[in-house]
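Coordinates in review
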Amino acid sequence: MSRLTSAAVIEAEEIIARYPRKKSALIPLLHLAQAQDGYVADDAMEHIAELLDITPVEVLGTCSFYEMFKREPVGKYLVNICTNISCQLMGGEELLHHAEKTLGIKSGGTTEDGMFTIEDVECIAACTEAPCMQVNYRYAGRLDEVRFDKIVSEIREGKLAIPAHGNLGDVKQHIPQERESGIKPPEQTEAPAWFVRRMSESESEVTINANK
Amino acid sequence: MTATESSAVKATTGVPFTLNGQELHAEEGELLIEACDKNGVHIPRFCYHKRMESVGMCRMCIVEVDTGRGPALQPSCMLTVTPEMKVETESEATKDAQDGVLELLLANHPLDCPVCDKGGECPLQDNAFAYGPGESRFVEEKRHFEKPIPISDLVKLDRERCILCDRCTRFASDVAGDSLIHFIDRGSSTQVNTFPDHPFASYYSGNTVQICPVGALTAAPYRFKARPWDLTGSPSTATVDSSGSRVLVQSSQDKVVRIQGVDSDAVNWGWLSDKERFIYEANVSEDRILQPMRRAVDGSLEPMRWNDALKQTSEALGKKAAAIGGARLTLEAQHVWQKVLADEFSVVSYDASLGDDVSADVVDSLPKATYDWAFNAGSVVVVVGQDLKEILPSIYLRLRGVVKDGSVELVEFNYKSGSLAKLARKSVQSRPGELAKDVKQAFTATPGERSSDLNCLVDTDKPLTVIFSRPNVAESADYLTEALQVIQSVRPDAHFLPAFRRGNTVGAQLAGLTPGVREVATEDEIIVEQVAVVGRPTAEILQEAANGEVETLLLLGADPISDFPDKALAEAALDAVNTVIAVDCFENPSVASANVILPVAMYGEVNGHFVNSEGRLSPLGARVTAPGLVRSDLEIAASLAKTAPQSNSDAQSSLETSHMLGSEPIAWDLLELSSEGARIKTPTKPIQRVKADVPTVADGLRLVIGNKLWDQGTIVENSRTLAGLCETFKVRINPADADRFGLTAGAEIVVKNAKATASVPFITDSSVAEGVLWAPANVRGFDPRSFVTFSESVCYVEVSAGEQK
């Protein structure tokens, strides 16, 4: 649909500056594009290629590798219903059929109002909550037809605060302070011990930027 | 073949390892697959290619290896030989693994071999026969894709046949630097493809077809033209430029149908540019002239008999005659033409190059480098002139390789940065008239300025090679000569490598078909003596012709109207002469004014020799019969000798017999023989001092006319597939200049000077130097030479915003 907006470009440049090689910023920039349009548009991929000094097909190669980067527009709410073994035993397939019937679309399709896209997915690692699904990658578990209909109607009425599709990059883990691993930006990180040891062993004159 | 049958000389030092029970030695750091190859043990492979980095994608080369921790299956293309390694390539485990890999590769591979271009020379077929299970247990539906999709004008991709070996994509990104094809999607949907609407428009796309181990990539010009077992080939050399790439010319039913790159260590490493690879299409063009023609009174062409054509030519050459062209002929033909013109017809004005290249005298006086010498690790390459990718594309790949891996430093001086500017140690954007000044600046340190990065070549004492080409036909050639003089005076040890646009320019120099004084071999091929070769630069020939001092002009495959820097002068010259005789295969703007056309044999139709820009002698093979009544240059020249008015019959007949048989006109004394082949020893003498004019300073931009690989050259225009690749005319201006002159992108601009005014499309391009207007030569739409006055050393143009569209 569109190239990155000027606001997104400013953010993109900040992201690019975090990495020693521009190309490393590819995946974060794909998230940025998906946040902007709800999917990764061809024009956005070309724009990313320009920003990273690579070719558009290299962007496409990475983008198409990951299922969660959508290259075609999807509904505002992407509903992933698990039909893998645990969920299947607990009625996942019936749930999928119910969803298809109530929303009037087949798996992979989008409702006419552009609100919902259904996908059946493999295990989403919440077997204890089977049958489960994700709406824009937010979990809902122990579902039945009634609960499913309730979630859909609450979304339609605006009662459930789920941001529109494309904000995967904004989904943050909430790690308590005491459990943080203390990852610092590269310029503040000290070189790992093994690296220093290997460098002193070799006669190479490579300078370690990390120690600046 | 097993190790015991191998006749290869086995190394006795190095890393000891055991291969199928034999005690052998490998080089330090050598890949196992290479060590096995050297010892005569073939390991099947798909993705491994010795000119590219290994990736271990296909798993076909898995062998059983014991490094002391027990036998394990490992891909031999990813494994360096380590001491006491035990390798079993014939064991049950190895065979099982190979069998399994092949069964899986074939699970999704269509069985359309009978209609596949690769069938008969297909590594997948061969390996399936030799190592495969013979029968598939896979009964499910194979994956399907749309049958061939064009990924460029030249290459078609059949994704069903692809085994995902990564050879083409690796070539595109690592070797060619045109990463326009890539793996798309994942798992069983993985496919090679381009970005939508971004075709694989690479100068090197044909190489991916040659290295594809299956029939997934096929070349549009060759598709369904022949079966591999019908092909017969002759080793030859590419002649579209002066790189001297080694090729195999293949024919079927007496038609050239394919040209494959040959892996020559010293030259092209197996790679070819698409121009070198697909140029043969012109041979069978419908527009080819197949019999002698004469121009009737009404301007139309009518056929004539060879005897009449030769008689008319001979009579015309007997009057005040001059000849232009011949830089694309075989060395033998050049030699005979020179003899016939000078000795039989006493013609004193001839020049093989067309005033748009580096002059022969300059090149003659410089010590030459070989490609190997230039690209040896630890040396410096200085490119002066045009982007090597547009002039010598196959050699550009070698330069790119060594610059990319950091083993060679690149410094370039040009008006529009080359394709390697980003990898170069320094890319100096110069301006017409200032080349020598900028080169001097780079080599000489002014006190206090030592840290300035313009002085990038001051401190280096590494071996230095200068690769030079005429940077711009809209300025005097003296500026380049002056720049070369500067380098030679600062670095007397520097070697030089000319990048000529026309193939056999060095051959023409050796044969004495270019103006100047130099040593050439004499008839008896033993004594080398100083001979004053007359000749005359094309510019002077055309000026004389325009003044009415020339009666006959002989064009030896030359098109001065399209190539000579001053188009008006070339047209005036062709108008003014009484008779124009064209020895050519096609009509082109210059041939259009020919009175007599002698149809001549083309590439792949004549035997002979070629001398590349290093001076390397290589063969040109005749693979097919020349069509129609076409004759070779040698035949035409020798027949003319017979009809020459002052013909000395003895000299003539010896000339005819010796040269029609194709004996070499090169004295053996002039050859330097090595394991890489023969190279002409070029005598060096002091460079002829040139003092170029100080460029006048004027308002406006300095015009640069540079070359693109795809232009409207006669042969490209007559090749069906290639003709469409020529771009349309567009000038390029640095964004700063565009701002200065208030030019808006998308609109046309008005370019004018005293000679011409034109409204042309433009784009901004930061690779163009400031103060320069860069225009491509001989492309569709507009001819920038209309701005050029030949006598002025630098051409200025004024630009202004055109009307908004």
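What counts as what
Residues numbered from 1 in each chain as written. Chains lettered and ligands numbered in written order. Predicted model: local features only at pLDDT ≥ 70, side-chain atom pairs only at ≥ 80, totals over all residues. Heavy atoms only, no water. Helix = DSSP H or I, 4+ residues; strand = E, 2+ residues; numbered from the N terminus. Domains from an automatic or database assignment. Buried < 20%, exposed > 50% of the residue type's maximum accessible area, 1.4 Å probe, protein only. Arc of directions from axis to C-beta. Contact = heavy atoms within 4.5 Å. Polar contact = N/O pair within 3.5 Å; in protein donor to acceptor, adjacent residues only side chain to side chain. Pairing = 2+ DSSP bridges. Salt bridge = Lys/Arg side-chain N within 4 Å of Asp/Glu carboxyl O. Buried area = accessible area lost by both parts, 1.4 Å probe.

Right, let's get into the environment of Asp 364 of chain B. Note that Asp 364 of chain B resides in helix H9 (residues 360-364). Residues Asp 364 of chain B and Gly 516 of chain B lie 152 residues apart in sequence; the distance between their C-alpha atoms is 9.2 Å.

Let us now look at the domain arrangement of chain A. If you check the domain split of chain A, you get domain 1 (6-65) and domain 2 (77-156). A straight line from the C-alpha centre of domain 1 of chain A to that of domain 2 of chain A covers 30 Å.

Right, let's get into helix H18 (residues 567-576) of chain B. Residues and elements named next belong to chain B. Those residues of H18 that sit buried are Leu 569, Ala 570, Ala 573 and Leu 574. Mapping the buried residues of H18 onto a view down its axis gives an arc of 130°, with all of them on the same face. Looking at the packing, one finds that the buried side of H18 touches helix H16 (538-546), strand E25 (552-556), helix H17 (560-563) and strand E26 (579-584). Two to three positions downstream of the cap, the backbone nitrogen of Ala 568 sits 3.3 Å from a side-chain oxygen, assigning the N-cap of H18 to Asp 566.

What follows covers the pairing of strand E4 (residues 71-75) of chain B. Residues and elements named next belong to chain B. The pairing of strand E3 (residues 62-66) with E4 spans 5 bridges and is antiparallel. Considered in E4, the bridge of Val 65 is made with Ala 72. In textbook terms, the turn of a hairpin is the stretch between consecutive antiparallel strands, and for E3 and E4 this stretch comprises 4 residues, one of which, Gly 68, has a positive phi near 105°.

Bringing the pattern of salt bridges into the picture now. What the rule picks out here adds up to 52 salt bridges over all chains. Put simply, Arg 186 of chain B and Glu 67 of chain A hold a salt bridge, and the shortest N to O gap is 3.6 Å. Of this pair, Arg 186 of chain B sits in the loop between strand E8 (182-184) and strand E9 (191-193) while Glu 67 of chain A sits in the loop between helix H4 (56-65) and strand E1 (77-82), on two different chains. Glu 67 of chain A sits in the exposed class, given a relative accessible area of 60%. Residues Arg 431 of chain B and Glu 434 of chain B are paired through a salt bridge, measuring 3.3 Å at the closest nitrogen-oxygen approach. Looking at Arg 431 of chain B, the relative accessible area reads 28%, which means it is partly exposed. Under the relative-accessibility criterion, Glu 434 of chain B is labelled buried at 14%. Linked by salt bridges that have partners in common, Asp 112, Lys 147, Asp 158, Glu 160 and Arg 161 of chain B make up one network.

The next thing to look at is the environment of Lys 275 of chain B. Inspection of the secondary structure assignment puts Lys 275 of chain B in helix H6 (residues 274-278). Remark: the alpha-carbon pair of Lys 275 of chain B and Leu 743 of chain B, spanning 468 residues in sequence, is separated by 35 Å.

Once that is clear, we can look at the interface of chain A and chain B. Between chain A and chain B, the contact holds 14 residues from the first and 14 residues from the second. Among the residues chain A hides against chain B, the three largest losses belong to Val 57, Leu 60 and Phe 65 of chain A. Together they make up 37% of the total. In this assembly, chain A and chain B are joined by 3 salt bridges. Its salt-bridge partner being Lys 422 of chain B, residue Asp 53 of chain A comes within 3.4 Å of it at the nearest N-O pair. Where chain A touches chain B, the interface holds 7 residue pairs in polar contact (both at pLDDT 80 or more). Looking at the side of chain A that touches chain B, the elements that each hand over two or more residues are helix H3 (42-52) and H4 of chain A. Per-element accounting of the side of chain A that touches chain B gives the leading share, 7 residues, to H4 of chain A.

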